[in-house]
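Single-letter residue listing:
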Amino acid sequence: MDVKIESSWKEELRDEFEKDYFKRLIQFVKAEYTTYRCFPPGRKIFSAFDHTPFHKVKVVIIGQDPYHGPGQANGLCFSVADGIPKPPSLLNIFQEIKTDVQKAVPESGNLERWADQGVLLLNATLTVRAHQAGSHQNKGWEEFTDAVIAKLSEKRESLVFLLWGGYAKRKGAKINSSKHLILASGHPSPLSANRGYWFGNRHFSAVNSYLEKNGKEPIDW
């Protein structure tokens, strides 16, 4: 199957694209986009991969679903398109960055600038029907993104995986912790953050310390 995705990922995931579940998934997604309004725009479904080639990944952040409101989702977890108000979870992420690494909250919630530095912003499910959270779950995307995480864990060295909330922790349960750094905390959503499970995790400075220790450029958060 010819999937329009960045070339290094196309090579790494070539076998995955030929599996029956993936063929069924693509049929489902095509039908959904033909029949309903879905997000992100079709050309941005694989944006996380297009911005962050396989061999340039330094950090992986695992999300769950794309945003399902008009104009929000741009193919990167937690990120919104330029000019779109920042959702509460993203505001809490920026607030922790401000406290942790003393970087001012940016004007835009578009995280493409992180992705271009090697932060793979991976949602477990890459598409969603408008205004229906979770509507494309359990259709095959989770199996596909499990394979992505497994490839990175197996073939790369000294990556940082950020697992925020119970879902991400389960998703990352098989990452090889002997060769990668795993940082886990509560989710940045207000429900979790306001209970004390998010603020103060200092993940952003910890990421950069680890990257520098392993001879890699830190992330300009």
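Whatever comes next refers back to the structure up there.
Residues numbered from 1 in each chain as written. Predicted model: local features only at pLDDT ≥ 70, side-chain atom pairs only at ≥ 80, totals over all residues. Heavy atoms only, no water.

> How should I be thinking about the pairing of strand S3 (residues 119-123) in this particular structure?
In summary, the side chains of a regular strand alternate between the two faces of the sheet. Judged by how many residues are buried, S3 sits mostly within the fold: five of five residues are covered. What you see with S3 is no split at all: Val-119, Leu-121 and Asn-123 on one side and Leu-120 and Leu-122 on the other are buried throughout. (Buried < 20%, exposed > 50% of the residue type's maximum accessible area, 1.4 Å probe, protein only. Helix = DSSP H or I, 4+ residues; strand = E, 2+ residues; numbered from the N terminus.)

> Honestly, the packing of helix H5 (residues 88-101) against helix H10 (residues 203-213) in this entry has me stumped. Any pointers?
The geometry of H5 relative to H10 is characterised by a closest axis approach of 8 Å and an angle of 60° between their N-to-C directions. The pairing of H5 with H10 is recorded here as oblique in orientation. Facing Ile-93, Glu-96, Ile-97, Asp-100 and Val-101 of H5, the residues of H10 in contact are His-203, Phe-204 and Ser-205. Across the contact of H5 with H10, the residue classes break down as four nonpolar, two polar and two charged. (Axes fitted to C-alpha atoms, helices over the stretch in contact; angles between N-to-C directions. Parallel < 35°, antiparallel > 145°, perpendicular 65-115°, else oblique. Contact = heavy atoms within 4.5 Å. Nonpolar A, V, L, I, M, F, W, Y, C, P; charged D, E, K, R; others polar.)

> Which parts of the structure should I look at to understand helix H3 (residues 20-35)?
Along an α-helix, a turn takes 3.6 residues, which lines up residues three or four apart on a common side. Taking 1.5 Å per residue as the helical rise, H3 with its 16 residues ought to reach 22 Å, and the 23 Å between its terminal C-alpha atoms agrees with that figure. Against the buried residues of H3 lie helix H2 (14-17), strand S1 (38-39), strand S4 (128-129) and helix H7 (141-155). (Expected span 1.5 Å × (residues − 1).)

> I would appreciate a short explanation of the side chain of Lys-58 in the present structure.
Mapped onto the elements of the fold, Lys-58 is located in the loop between helix H4 (47-51) and strand S2 (59-63). Put simply, Lys-58 is tucked away with no salt bridge, and the nearest opposite charge, on Glu-217, sits 6.2 Å away. Within the local environment of Lys-58, its side chain forms a polar contact with the backbone oxygen of Gln-117, the two atoms lying 3.5 Å apart. Apart from the residues lying within four places of it in its own chain, the contact partners of Lys-58 are Gln-117, Gly-118, Leu-159, Val-160, Leu-211, Lys-216, Glu-217, Pro-218 and Ile-219. (Lys, Arg positive; Asp, Glu negative; His and termini not counted. Salt bridge = Lys/Arg side-chain N within 4 Å of Asp/Glu carboxyl O. Polar contact = N/O pair within 3.5 Å; in protein donor to acceptor, adjacent residues only side chain to side chain.)

> What exactly am I supposed to notice about H5 here?
A rise of 1.5 Å per residue sets the reference length of H5, with its 14 residues, at 20 Å; its end C-alpha atoms lie 20 Å apart and thus fit the reference within 8%. Where H5 is buried, its residues meet helix H6 (112-115), strand S5 (160-164), helix H9 (190-193) and H10. With its phi angle positive at about 55°, Gln-102 sits one or two positions after the end of H5.

> Looking at this model, I keep getting lost on the pairing of S2. Mind explaining?
Counting buried positions along S2 gives five out of five residues, so the element sits mostly inside the fold. By the alternation rule, side chains of S2 split into Val-59, Ile-61 and Gly-63 and Val-60 and Ile-62, which are all buried. Examined bridge by bridge, S2 and S3 share five bridges and lie parallel to one another. Of the residues in S3, the one forming a bridge with Val-59 is Val-119. As judged from the three bridges shared by S2 and S5, these two strands associate in the parallel manner. Note that in S5 the partner of Val-59 across the bridge is Val-160. (Pairing = 2+ DSSP bridges.)

> I'm lost on the packing of H3 against H7 in this one. Help?
When two helices pack together, their arrangement is captured by the angle between the axes and the distance separating the axes. Contact geometry for H3 and H7: axes closest at 9 Å, N-to-C directions at 125°. It follows from the interaxial angle that H3 and H7 lie oblique. Like other packed secondary-structure pairs, H3 and H7 cross with a definite hand, here left-handed. Residues Tyr-21, Phe-22, Leu-25 and Val-29 of H3 form the contact with H7, whose own contacting residues are Trp-141, Glu-143 and Phe-144. When grouped by side-chain class, the residues that make up the contact of H3 with H7 number six nonpolar, no polar and one charged. (Left-handed = near helix turned anticlockwise from the far one by under 90°.)

> Any chance you could explain the packing of aromatic side chains here in plain terms?
Aromatic ring pairs are reported here in terms of the distance separating the ring centres and the angle at which the planes meet. Scanning all chains against the criterion turns up 19 aromatic pairs. Centre to centre, the rings of Phe-46 and Trp-141 are 6.0 Å apart; their planes meet at 75°, and the pair counts as edge-to-face. Residue Phe-46 is found in the loop between S1 and H4, and its partner Trp-141 is found in helix H7; the two are separated by 95 residues along the sequence. The two residues Phe-46 and Trp-141 agree in class, both being buried. For the ring pair Trp-141 and Phe-144, a centre distance of 5.9 Å and an interplane angle of 65° mean the geometry is edge-to-face. Taken as a pair, Trp-141 and Phe-144 lie in helix H7 at a separation of three residues, close to a single helical turn. Of the two residues, Trp-141 and Phe-144, both sit in the buried class. In textbook terms, an aromatic cluster arises when at least three aromatic residues are bridged by ring pairs, as seen for Trp-9, Phe-17, Tyr-21, Phe-22, Phe-46, Phe-49, Phe-54, Trp-141 and Phe-144. (Phe/Tyr/Trp six-rings, centres within 6.5 Å; stacked < 30°, edge-to-face > 60°.)

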